[in-house]
Amino acid sequence: MERYDLHCHSNVSDGTLTPAELVGRAAGRGVRRLALTDHDTVAGLDEAGRAAEQHGLELISGVELSTCWARRTIHVVGLGFDPDAPALHDGLARLAELRDERAERIAHSLDRAGIPGSLEGARAVARGPSLGRNHFARFLWRHLNLRHVGEVYRRYLVHNRPGYVHVAWPALEEAVGWIREAGGVAVLAHPGRYRLTKTKLRELIEAGQGAGMEAIEVASGRSSPAEIGWLADVARRHGLLASAGSDFHTHEQSWIDVGRLKPVPDDLPHVLGRVAVRH
Ligand code: MN
Ligand code: MN
Ligand code: MN
């Protein structure tokens, strides 16, 4: 199969490269089909589309939606949709509001914990309009002189820490509906990352499928061959299409690069057979 990547981020959400830089990097690594899947926004797709045309690769419209299922945050990737479809447009507007509110609440709680100025600090890191936890993490990392960004998360940005805030994201089923109504394919992102029991994962997939979810990511950036084998079985059992993406965010990490994917077992029907290319 041609080299592809169906999950990666630009600086429009919390990546570090502009959409055009990301497309250029993908093209340089031999990627022929790419979906830019920024968090809760499609604002980078036009720029990415122009760059894709210049580089002669196919851009598939993409997004990674923050959703809620059984009181957990679950990410749903949308692929091959019409970005101007009204239902999706309204959903994205609501997500943007929730993200803005979250940023203000994170800043407020860090302020109370004795760290002022984090909203401005995160904005300076962001380069784009949408603020995510990653921007706060990178601001804190520099500001507090910590060794790893991971340490920042553990000390400040996870549950029961001063910079953690709960967000009531839209229900998984609702977000899947937006993607479907926009003519796209809804994909459960990185199923191995939610620490679910097998029973819970089955319930999650059944809820998603009930709303029209058609695919899961069988391979994502860091997944091991054992995890890919397990998720391939899950896909077969539930009759789901297979998707795969690097979840690339930054060229500052060498271990995950755009287009660097572990192969998906080729007996599985692939989501690429279902998605339309954006011209
Ligand atoms: Mn991210
Ligand atoms: Mn994700
Ligand atoms: Mn992602």
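Please read all numbers here as calculations on a predicted model, not as lab measurements.

Cut-offs used in this document
- Residue indices begin from 1 for each chain and proceed along its sequence in written order.
- Lettering for chains starts from A, numbering for ligands starts from 1, and both go in the order in which the items are written.
- Given that the model is predicted, a residue must reach a pLDDT of at least 70 before its local features are reported, and side-chain atom pairs must reach 80 or more before they are shown or counted; all residues, however, enter totals for whole chains, interfaces and linings.
- For the side-chain quantities, the full set of heavy atoms in the structure was used; hydrogens and water were omitted.
- Each metal's donors are the N, O and S atoms found within 2.8 Å of it, except that Na, K and Ca use a 3.2 Å limit; water is left out, so coordination can look incomplete.
- Per-residue accessibility, obtained with a 1.4 Å probe over protein chains only, is compared with the maximum for each type, and a residue is labelled buried under 20%, exposed over 50%, and partly exposed between these values.
- Only DSSP runs of H or I reaching four residues or more are called helices, and only runs of E reaching two or more are called strands; each is numbered from the N terminus.
- For a helix, the expected span equals 1.5 Å multiplied by the residue count minus one.
- Should any heavy atoms of two residues lie within 4.5 Å, those residues are counted as being in contact.
- Note on terminology: a nonpolar core comprises buried Ala, Val, Leu, Ile, Met, Phe, Trp, Tyr and Cys residues joined through side-chain atoms within 4.5 Å.
- How far each domain reaches was decided by an automatic or database domain assignment.
- Throughout, buried area stands for the accessible area (probe radius 1.4 Å) lost by two parts on being put together, summed over both.
- Criterion for a salt bridge: a side-chain nitrogen of Lys or Arg within 4 Å of a carboxyl oxygen of Asp or Glu.
- A 3.5 Å cut-off defines polar contacts: any pair of N or O atoms within that distance qualifies, except that in protein one atom must be a possible hydrogen donor and the other a possible acceptor, and neighbouring residues in sequence count only when both atoms are side-chain atoms.
- In this classification, the charged set is Asp, Glu, Lys and Arg, the nonpolar set is Ala, Val, Leu, Ile, Met, Phe, Trp, Tyr, Cys and Pro, and all remaining amino acids, among them Gly, are polar.
- A cavity here means a set of points on a 1 Å grid, drawn over the protein atoms and nothing else, where a 1.4 Å probe fits but cannot get out; a pocket is an open set with protein on both sides within 12 Å along at least five of seven lines, and a residue lines either one if it has an atom within 4 Å of a point.
- Grid points are joined across faces, edges and corners, and a volume is the space filled by probe spheres set on the points.
- Whether two strands pair comes down to DSSP finding at least two bridges between them.
- Convention used here: a crossover is right-handed provided that the path from the first strand, over the helix, to the second strand proceeds clockwise when the strands point away from the viewer.

**A word on the coordination of the manganese ion (ligand 3)**
Part 1 of the reasoning: With distances of 2.1 to 2.2 Å, the protein atoms coordinating the manganese ion (ligand 3) are H7 (NE2), H9 (NE2), E64 (OE) and D247 (OD).
Part 2 of the reasoning: Written as a sequence motif, the donor arrangement for the manganese ion (ligand 3) is H-x1-H-x54-E-x182-D.
Part 3 of the reasoning: The two metals, the manganese ion (ligand 3) and the manganese ion (ligand 1), are separated by 4.7 Å. We note that H7, like H9, is buried.

**Focus: helix α3 (residues 86-112)**
Part 1 of the reasoning: The end-to-end C-alpha distance of α3, which contains 27 residues, comes to 39 Å, matching closely the 39 Å that a straight helix rising 1.5 Å per residue would cover.
Part 2 of the reasoning: Those residues of α3 that are buried lie in contact with β3 (58-69), α4 (118-126), α5 (133-143), α6 (149-157) and α7 (172-181).
Part 3 of the reasoning: Looking one or two places after α3, you find G114, whose phi comes out positive at around 90°.

**Section: the nonpolar core**
Part 1 of the reasoning: Residues L34, L79, F136, L157, L188 and V218 are the most contacted members of the largest nonpolar core, which totals 92 residues.
Part 2 of the reasoning: In terms of residues, this core owes the most to one element, α3, which gives 8 residues.
Part 3 of the reasoning: Of the domains in this structure, domain 1 (4-92 + 181-273) and domain 2 (96-157) are the two that each give at least three residues to this core.
Part 4 of the reasoning: Here L79 is in contact with L6, A35, T37, I60, S61, G62, G184, V185, V187, S243, V271 and V275, once residues within four sequence places are set aside.

**Things to note about the domain arrangement of the protein**
Part 1 of the reasoning: Per the domain assignment, the segments of the protein are domain 1 (4-92 + 181-273) and domain 2 (96-157).
Part 2 of the reasoning: On the side of domain 2, 9 residues touch domain 1, which itself brings 13 residues to the contact.
Part 3 of the reasoning: Summed over both partners, the interface of domain 1 with domain 2 comes to about 850 Å²; 36% of that surface belongs to carbon and sulfur atoms.
Part 4 of the reasoning: Among the residues domain 1 hides against domain 2, the three largest losses belong to N11, D14 and T16. Together they make up 43% of the total.
Part 5 of the reasoning: The tally of links between domain 1 and domain 2 comes to 1 salt bridge.
Part 6 of the reasoning: For D40, the salt bridge is made with R99, and the minimal N-O distance between the two is 2.7 Å.
Part 7 of the reasoning: The tally of links between domain 1 and domain 2 comes to 5 residue pairs in polar contact (both at pLDDT 80 or more).
Part 8 of the reasoning: A per-class count over the side of domain 1 that touches domain 2 returns 2 nonpolar, 8 polar and 3 charged.

**Things to note about the side chain of S109**
Part 1 of the reasoning: Along the chain, S109 falls in helix α3.
Part 2 of the reasoning: Relative accessible area serves as the criterion here: at 10%, S109 is assigned to the buried category.
Part 3 of the reasoning: Separated by 2.4 Å, the side chain of S109 and the backbone oxygen of P162 make a polar contact.
Part 4 of the reasoning: Those residues in contact with S109, other than ones at most four positions away along the chain, are P162, G163 and V165.

**Quick notes on the layout of surface pockets**
Part 1 of the reasoning: A volume near 2,000 Å³ is recorded for the largest pocket.
Part 2 of the reasoning: Lining the largest pocket are 50 residues, and of these H75, R133, Y153, V158 and R193 lie nearest its centre.
Part 3 of the reasoning: Broken down by secondary-structure element, the contributors of at least two residues to the lining of the largest pocket are β3, β4 (72-79), α3, α5 and α6.
Part 4 of the reasoning: Per element, the largest residue contribution to the lining of the largest pocket is 5 residues, and it comes from α6.
Part 5 of the reasoning: Counted by class, the lining of the largest pocket contains 14 nonpolar, 22 polar and 14 charged residues.
Part 6 of the reasoning: Looking at which domains feed residues into the lining of the largest pocket, each of domain 1 (4-92 + 181-273) and domain 2 (96-157) supplies at least three.
Part 7 of the reasoning: The space that makes up the second largest pocket amounts to roughly 310 Å³.

**Quick look at the pairing of strand β5 (residues 185-188)**
Part 1 of the reasoning: What you see with β5 is no split at all: V185 and V187 on one side and A186 and L188 on the other are buried throughout.
Part 2 of the reasoning: For β4 and β5, the ladder comprises 4 bridges, and the chain directions are antiparallel. Note that in β5 the partner of L79 across the bridge is V185.
Part 3 of the reasoning: Sheet topology note: the β5/strand β6 (residues 215-220) ladder contains 2 bridges and is parallel. Paired with V187 across the strands is A215, a residue of β6.
Part 4 of the reasoning: For the handedness criterion, the β-α-β arrangement of β5, helix α8 (residues 198-211) and β6 is classed as right-handed.

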